[in-house]
Amino acid sequence: MKFIRFVTLSTFLLFGLLGITNAADTASDGQQVMKELDDFQKALSGWMKNLDTLASQFTNFQKNVGDSLTPLKDFEKAFKVNDDKLNSIISRLEGIEKTTSVSDVKGLLDSFGKTLDIIKKLLSDLTKRVEDQEIKTAVLEKRYQEAQRPLDPIKKAIEDLNKLVTDKLGEQEKRITSVEDGVKTRMASLDAAMKSFDGRSKAVSDLETRLKKIEKSGIVIATGTVTAEAVSVTHAPSSAGTETVKVSEGTQTAEAVKERVVTPEEEGYKEIGDGFYIRNVTLSLFGSSSQIKGEIKNFSERDRSIAAFVVKVYNTSEMLLFTQDFSLKTFKTGEVRTFNEIISGYTPLEIARYEILTKRRY
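Residues numbered from 1 in each chain as written. Predicted model: local features only at pLDDT ≥ 70, side-chain atom pairs only at ≥ 80, totals over all residues. Heavy atoms only, no water.

K.L.:
Please give an account of the overall build of the protein chain that cites residues and values.
P.N.:
Each helix and strand counted, the protein chain has five helices and seven strands in total. Taken from N to C terminus, the helices and strands of the protein chain fall in the order α-α-α-α-α-β-β-β-β-β-β-β. For the protein chain, the proportion of its 362 residues judged to be buried stands at 16%. Counting contacts in the protein chain only where the partners sit at least 6 residues apart, residues at least 24 apart contribute 65% of the total. Carbon and sulfur atoms make up 60% of the accessible area of the protein chain, which amounts to about 27,300 Å² in all. (Helix = DSSP H or I, 4+ residues; strand = E, 2+ residues; numbered from the N terminus. Buried < 20%, exposed > 50% of the residue type's maximum accessible area, 1.4 Å probe, protein only. Contact = heavy atoms within 4.5 Å. Areas by Shrake-Rupley, 256 points an atom, 1.4 Å probe, with all protein chains shown as cover.)

What follows is the structure, given as structure tokens:
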């Protein structure tokens, strides 16, 4: 601004000097020019002040305009962001309008709600299964702890069992052979005795007939008596032999009756293998699972340190649903033990058939 002011002043002074040079001829013109020059300088000084004031006002106005444009710039940024969001929403709405209608969206929401209901039901069933699985796990842990024993005693017990079974089978075969031979011999003796008895009975019948004829004919009875006695004497050994056979048979029958033992089936037991029998087995509801219990009797001829059994459960389609092992320790021969097992995850209504068998160890 000072430079402009200097240039303007220099210009006016130059023109003023030129005017003074041209008007130097007359003094009055010079004075007039100096007066006008002073007036011009005063006017120029006022203009310069006004220009300074105007420049400062213009600077303040420019600053105010810049300050007022700052929120406009922020608003422009926010408007641009909102505009982008609006364009995105519009594009998504256009996509929804192109893909499906309101009814389809409603149907989709209904289907989604049904799917959520199914998922809730499945989660409920899964929770129930998890609870049943926890029960089963607890039972298995209990059985596992019971089954934690060294294998050597079990192997020795198996070897002793195999040896005992082999010896018992050999003894049974020998007994059966001797019994068969005795029965054959007795049957042969009985057949011979029956044939001899039939012959002697016929002889006695003929003798009685002859005796009756002699009595009717009036012959001395003594002769007939002697003859009868002789016949009786002759017949006596055969009769005695027959009686001996009968007495022997009666003795054997009495001994057989005395030796006869009540069978497990007559006591209400059912065989499950290896000389073990069960009875009074019941299946009942146990929470969301089932409970099976009953009695087991050891009819084998040896004590068992550990007797292993297995429970198998089937449905109406004869498909195996559940298998569980259990064992009884120190099971003596002739002893009756009770068992109580949990069939987790299945109610009695879901079980069509069940089996309890001895578990063979290999």
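Having seen it, we continue.
K.L.:
Break down the pattern of salt bridges for me, citing the residues and quoting the values.
P.N.:
Per the stated rule, a full pass over the model turns up six salt bridges. Note that Glu355 is salt-bridged to Arg353, the shortest N-O span being 2.7 Å. A relative accessible area of 26% means that Glu355 is categorised as partly exposed. On the basis of relative accessibility, which here comes to 30%, the residue Arg353 falls in the partly exposed class. Each of Glu318, Arg353 and Glu355 takes part in a single network of salt bridges with overlapping partners. (Salt bridge = Lys/Arg side-chain N within 4 Å of Asp/Glu carboxyl O.)

K.L.:
A description of the sheet that holds strand β5 (residues 320–331) should follow, citing residues and the corresponding values.
P.N.:
Sheet architecture is open: three strands sit in the order β5-β4-β7, paired in antiparallel fashion. Only two strands of the sheet have a single neighbouring strand rather than two, namely β5 and β7 (353–358). For this sheet, the mean angle separating the axes of adjacent strands, direction not counted, is 20 degrees. In this structure, strand β4 (residues 304–314) lies alongside β5, joined through 10 bridges in antiparallel fashion. Looking at β5, one finds that Val310 is bridged to Asp325. (Pairing = 2+ DSSP bridges. Axes fitted to C-alpha atoms, helices over the stretch in contact; angles between N-to-C directions.)

K.L.:
If you had to explain the sheet that holds strand β2 (residues 276–286) to someone new, which residues and values would you point to?
P.N.:
As summarised here, the arrangement of the four strands in space is β1-β2-β3-β6, forming an open sheet in which the pairing is antiparallel. The open sheet has two edge strands with one neighbour each: β1 (270–273) and β6 (336–343). The sheet shows a mean angle of 40 degrees between the axes of neighbouring strands, direction not considered. The pairing of β1 with β2 spans three bridges and is antiparallel. Residue pairing for β2: Gly273 is matched across the bridge by Phe276.

K.L.:
Before we move on, could you go through the nonpolar core and cite the residues and values that matter?
P.N.:
Residues Phe276, Ile296, Phe309, Phe326, Phe331 and Ile356 are the most contacted members of the largest nonpolar core, which totals 17 residues. When contributions to this core are tallied by element, the ones reaching two or more residues are β2, β3 (289–298), β4, β5 and β6. Each residue touching Ile296, except ones within four places of it in the same chain, is listed here: Phe276, Tyr277, Ile278, Phe309, Phe326, Leu328, Phe331, Glu335, Val336, Arg337 and Phe339. (Core = buried A, V, L, I, M, F, W, Y, C linked by side-chain atoms within 4.5 Å.)

K.L.:
How would you explain the side chain of Glu341 if you had to name every residue and give the values?
P.N.:
Mapped onto the secondary structure, Glu341 falls in strand β6. Side-chain polar atoms of Glu341 contact the side chain of Gln324, separated by 2.8 Å. Residues contacting Glu341, with those up to four places away along its chain left out, are Arg143, Ser290, Gln291, Ile292, Gln324 and Phe326. (Polar contact = N/O pair within 3.5 Å; in protein donor to acceptor, adjacent residues only side chain to side chain.)

K.L.:
Give me the packing of aromatic side chains: which residues, what numbers.
P.N.:
Within the structure shown, the criterion is met by seven aromatic pairs. Both rings, one in Tyr277 and one in Phe299, keep their centres 5.0 Å apart while their planes meet at 80 degrees; by these two values the pair is edge-to-face. Here Tyr277, found in strand β2, pairs with Phe299, found in the loop between β3 and β4; they are 22 residues apart in sequence, far enough to count as distant. A relative accessible area of 27% places Phe299 in the partly exposed class. Judged by centre distance (5.5 Å) and plane angle (20 degrees), the rings of Phe326 and Phe339 are stacked. Of this pair, Phe326 sits in strand β5 while Phe339 sits in strand β6, and the two are 13 residues apart along the sequence. Note on Phe326: relative accessible area 4%, which makes it buried. (Phe/Tyr/Trp six-rings, centres within 6.5 Å; stacked < 30°, edge-to-face > 60°.)

K.L.:
Could you give an account of a nonpolar patch on the surface, with specific residues and numbers?
P.N.:
On the surface, Phe112, Leu116, Ile119, Leu123, Leu126 and Val130 cluster together into a nonpolar patch covering about 540 Å² of accessible area. Along the chain, Ile119 falls in helix α3 (residues 102–147). With relative accessibility at 40%, the residue Ile119 sits in the partly exposed group. (Patch = residues over 30% accessible without salt bridge, like charges linked within 9 Å, V, L, I, M, F, W, Y side chains within 5 Å.)

K.L.:
Could you give me a rundown of the environment of Leu161, with the residues and numbers involved?
P.N.:
Tracing the backbone shows Leu161 in helix α4 (residues 151–217). Leu161 sits 142 residues away from Asp303 along the chain, and the two C-alpha atoms are 9.9 Å apart. Not counting chain neighbours up to four residues away, the residues in contact with Leu161 comprise Arg302 and Arg304.

K.L.:
Before we move on, could you go through the side chain of Ser300 and cite the residues and values that matter?
P.N.:
In this fold, Ser300 is placed in the loop between β3 and β4. Residues in contact with Ser300, not counting those within four places in the same chain, are Asp274, Gly275 and Thr333.

K.L.:
Explain the layout of surface pockets to me, and be specific about the residues and the numbers.
P.N.:
By volume, the largest pocket is sized at about 820 Å³. Lining the largest pocket are 31 residues; nearest its centre among them are Leu161, Val165, Asp274, Arg302 and Arg304. Secondary structure elements with two or more residues in the lining of the largest pocket: α4, β2 and β4. No other element matches α4, which puts 10 residues into the lining of the largest pocket. Of the residues in the lining of the largest pocket, the class split is 15 nonpolar, six polar and 10 charged. (1 Å grid on protein atoms, 1.4 Å probe; cavity = no way out; pocket = protein on both sides within 12 Å on 5 of 7 lines; lining within 4 Å. Points joined across faces, edges and corners; volume = space filled by probe spheres on them. Nonpolar A, V, L, I, M, F, W, Y, C, P; charged D, E, K, R; others polar.)

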